[in-house]
Amino acid sequence: ALDVSHQFGFLHRLDTPSSGLILTAKTYEAYYHLYFQLSVGTLVRDYVVLCHGCIPPERHEISARVRRGKGNLASSICEKGKPSKTYLKVLAHLARQQQNFSLVAMRICTGRRHQIRAHATHIGHPTVGDGKYTAPEVFLADREWCVRNFLHRYRLVFLDFEGRSHEAMAPL
């Protein structure tokens with residue numbers, strides 16, 4: 001937990017305006033064991049996201065290359081980006097003051113910086129409360145009723161040293 005070269009045990013991060021579970025390791029052995037799972041895609045990370053507009057229920061995947069923005073800039077979708085895949089399931093369509101929204105469960109296969117936010121914006125349905133990926137007027141309107149980026153990691157699944165699956169959940 002005190003080793004900066006091993007990110008103080010943190011295996012991954014959450015974007016500052018988001019909420020939810022974060023996985024940390026207490027030993028070097030656990031860190032590398034979990035880091036391997038993260039690298040090969042066996043670590044499960046599930047999110048609930050509120051997006052602008054009505055995402056078609058038949059949409060189940062977003063595959064688009066994500067390029068990390070320099071410094072604190074937004075990531076972008078472009079050919080120079082790294083391959084990225086997000087699975088999604090539309091849970092509900094909602095309306096508020098003549099605006100439509102989609103409540104969506106998302107699972108990332110890869111873990112690119114701002115992947116969900118960049119992918120959601122790429123398909124024309126940015127995350128509610130996201131000042132980095134929406135127009136300023138949309139962000140300001142969202143802030144009147146949603147105080148943060150509506151992106152919540154509600155579930156993590158990982159394997160222990162014996163190969164047993166462990167699940168952690170955090171409701172909204």
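Structure: above.
Quick summary incoming for the structure in this document. This one's a predicted model, so the numbers in the text were calculated from it and none came from an experiment.

**With respect to the packing of aromatic side chains**
Between two aromatic rings, the relevant description is the distance of the centres plus the angle of the planes.
Here comes step 1: Counted under the stated rule, the structure contains three aromatic pairs.
Here comes step 2: An angle of 15 degrees between the planes, with centres 6.0 Å apart, marks the rings of Tyr31 and Tyr35 as stacked. Note that Tyr31 and Tyr35 are positioned in helix H1 (residues 28-40) at a spacing of four residues, about one turn of the helix.
Here comes step 3: Here the aromatic rings of Phe101 and Trp145 are separated by 5.5 Å at their centres, their planes lie at 70 degrees, and the arrangement is edge-to-face. Placement of the pair is Phe101 in strand E7 (residues 99-108) and Trp145 in the loop between helix H3 (136-143) and strand E8 (151-159), with a sequence separation of 44 residues.
Here comes step 4: We classify Phe101 as buried; its relative accessible area is 2%.
Here comes step 5: Through successive ring pairs, a cluster of aromatic residues spans Tyr31, Tyr32 and Tyr35.
Here comes step 6: Over the ring of Phe150 we find Arg148, and its NZ or CZ is 5.7 Å from the ring centre.

How each quantity is defined
- Residues numbered from 1 in each chain as written.
- Predicted model: local features only at pLDDT ≥ 70, side-chain atom pairs only at ≥ 80, totals over all residues.
- Heavy atoms only, no water.
- Phe/Tyr/Trp six-rings, centres within 6.5 Å; stacked < 30°, edge-to-face > 60°.
- Helix = DSSP H or I, 4+ residues; strand = E, 2+ residues; numbered from the N terminus.
- Buried < 20%, exposed > 50% of the residue type's maximum accessible area, 1.4 Å probe, protein only.
- Lys NZ or Arg CZ within 6 Å of the ring centre and 35° of its normal.

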